[in-house]
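# Structural description and commentary
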Amino acid sequence: MGDDEAAKVEIREVLSRYCRAVDRRDRELFRSIYHPDAIEHHGSFEGLGLDFVDVAIDRAAGVDLWQHHLTTINIDVDGDVAYSEAYYISSSVFPPDDEGNREMWDLFGRYVDRFERRDGEWKIAERLCVRDFRHDRLVGPPLSKENHIQGTKDMTDPSYRPGFARQPEAAGGVRAENRSAS
């Protein structure tokens, strides 16, 4: 594998780590995707990526379910700098209203990122979150816990079981059983 192809694999891993980190409210993992001076442009938020971590996780407190999905990913590598455009779908299910209705928003957009490799590690140096459109609808009640393994929005989720959640060295290499839920 050439250097550019290896860089693309590493960048895709950072993009995937973002989805997992925000969906599981994993602050440590979330922080691992940004360089310390990275800039985030995300809706009304304009500032350091590391500051966006807390803003995003705090926003998620009012959401019952949040899932981020990446689809088409385009990456151009130029030495120690790379540019990517990653299409996303972000689905949010909100707590029931007074009549028991639960609203779901599907946001469709793109993460337009500038990555930099510093000290051999690819991380986001600047991110622009582009929203293209939103689709809203009402959804049914949560699935019965009797018939399904229930996911959680934190590090008690089944995906953090020992042997399943091997985190990359960039995230501190801390295995799930050694972490406390946030």
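Figured I'd write up the structure that's included with this text. The structure displayed is predicted, hence computed values, not measured ones. (Residues numbered from 1 in each chain as written. Predicted model: local features only at pLDDT ≥ 70, side-chain atom pairs only at ≥ 80, totals over all residues. Heavy atoms only, no water.)

Positive phi, normally seen in glycine, also occurs at R25, with a value near 55 degrees. You can call R25 buried: its relative accessible area is 6%. (Buried < 20%, exposed > 50% of the residue type's maximum accessible area, 1.4 Å probe, protein only.)

The computed volume of the largest pocket comes to approximately 590 Å³. Looking at the largest pocket, it is lined by 23 residues, and the ones nearest its centre are D64, L65, Q150, G151 and T152. When residues of the lining of the largest pocket are traced back to their parent elements, those giving at least two are helix 1 (3-24) and strand 3 (65-78). When residues of the lining of the largest pocket are assigned to their parent elements, the largest contribution, five residues, is made by strand 3. Grouping the amino acids of the lining of the largest pocket by side-chain chemistry returns eight nonpolar, seven polar and eight charged. (1 Å grid on protein atoms, 1.4 Å probe; cavity = no way out; pocket = protein on both sides within 12 Å on 5 of 7 lines; lining within 4 Å. Points joined across faces, edges and corners; volume = space filled by probe spheres on them. Helix = DSSP H or I, 4+ residues; strand = E, 2+ residues; numbered from the N terminus. Nonpolar A, V, L, I, M, F, W, Y, C, P; charged D, E, K, R; others polar.)

Here six strands make up an open sheet; going across it, the order is 2-1-6-5-4-3 and the pairing mixed. Of all strands in the sheet, those with a lone pairing partner are strand 2 (45-48) and strand 3, marking the two edges. Put simply, the sheet's adjacent strands are angled 15 degrees from each other on average, direction ignored. Here strand 1 (residues 34-42) runs beside strand 2; their pairing, made up of four bridges, is antiparallel. Its bridge partner lying in strand 2, H41 is registered against E46. The sheet contacts of helix 1 involve strand 1, strand 3, strand 4 (81-93), strand 5 (102-118) and strand 6 (121-139), and relative to strand 3 the element is tilted by about 160 degrees. Seen against the sheet, helix 3 (residues 49-60) touches strand 1, strand 2 and strand 3 and runs at an angle of roughly 55 degrees to strand 1. (Pairing = 2+ DSSP bridges. Axes fitted to C-alpha atoms, helices over the stretch in contact; angles between N-to-C directions. Contact = heavy atoms within 4.5 Å.)

This part covers the pattern of salt bridges. Considering all chains together, one arrives at 16 salt bridges under this definition. Among the salt bridges present, the one from D157 reaches R24, with a minimum N-O distance of 3.9 Å. Of this pair, D157 sits in the segment after strand 6 while R24 sits in helix 1, and the two are 133 residues apart along the sequence. Overall, the relative accessible area of 10% leaves D157 in the buried class. The class of R24 is buried, set by a relative accessible area of 16%. (Salt bridge = Lys/Arg side-chain N within 4 Å of Asp/Glu carboxyl O.)

Following the criterion strictly, the structure yields eight aromatic pairs and no others. Plain terms: the ring middles of Y18 and F30 are 5.5 Å apart, the flat faces sit at 75 degrees to each other, and that makes the pair edge-to-face. With a gap of twelve residues between them, Y18 in helix 1 and F30 in helix 2 (residues 27-31) connect regions that are remote in the sequence. Each member of the pair Y18 and F30 is classed as buried. Among the aromatic side chains, those forming a connected cluster through ring pairs are Y18, F30, Y34, F45, F52, Y88 and Y111. Across from the ring centre of Y87, 5.9 Å away, lies the NZ or CZ of R110, which sits over that ring. Above the ring of W105, the side-chain terminus of R134 is found at 3.7 Å from the ring centroid. (Phe/Tyr/Trp six-rings, centres within 6.5 Å; stacked < 30°, edge-to-face > 60°. Lys NZ or Arg CZ within 6 Å of the ring centre and 35° of its normal.)

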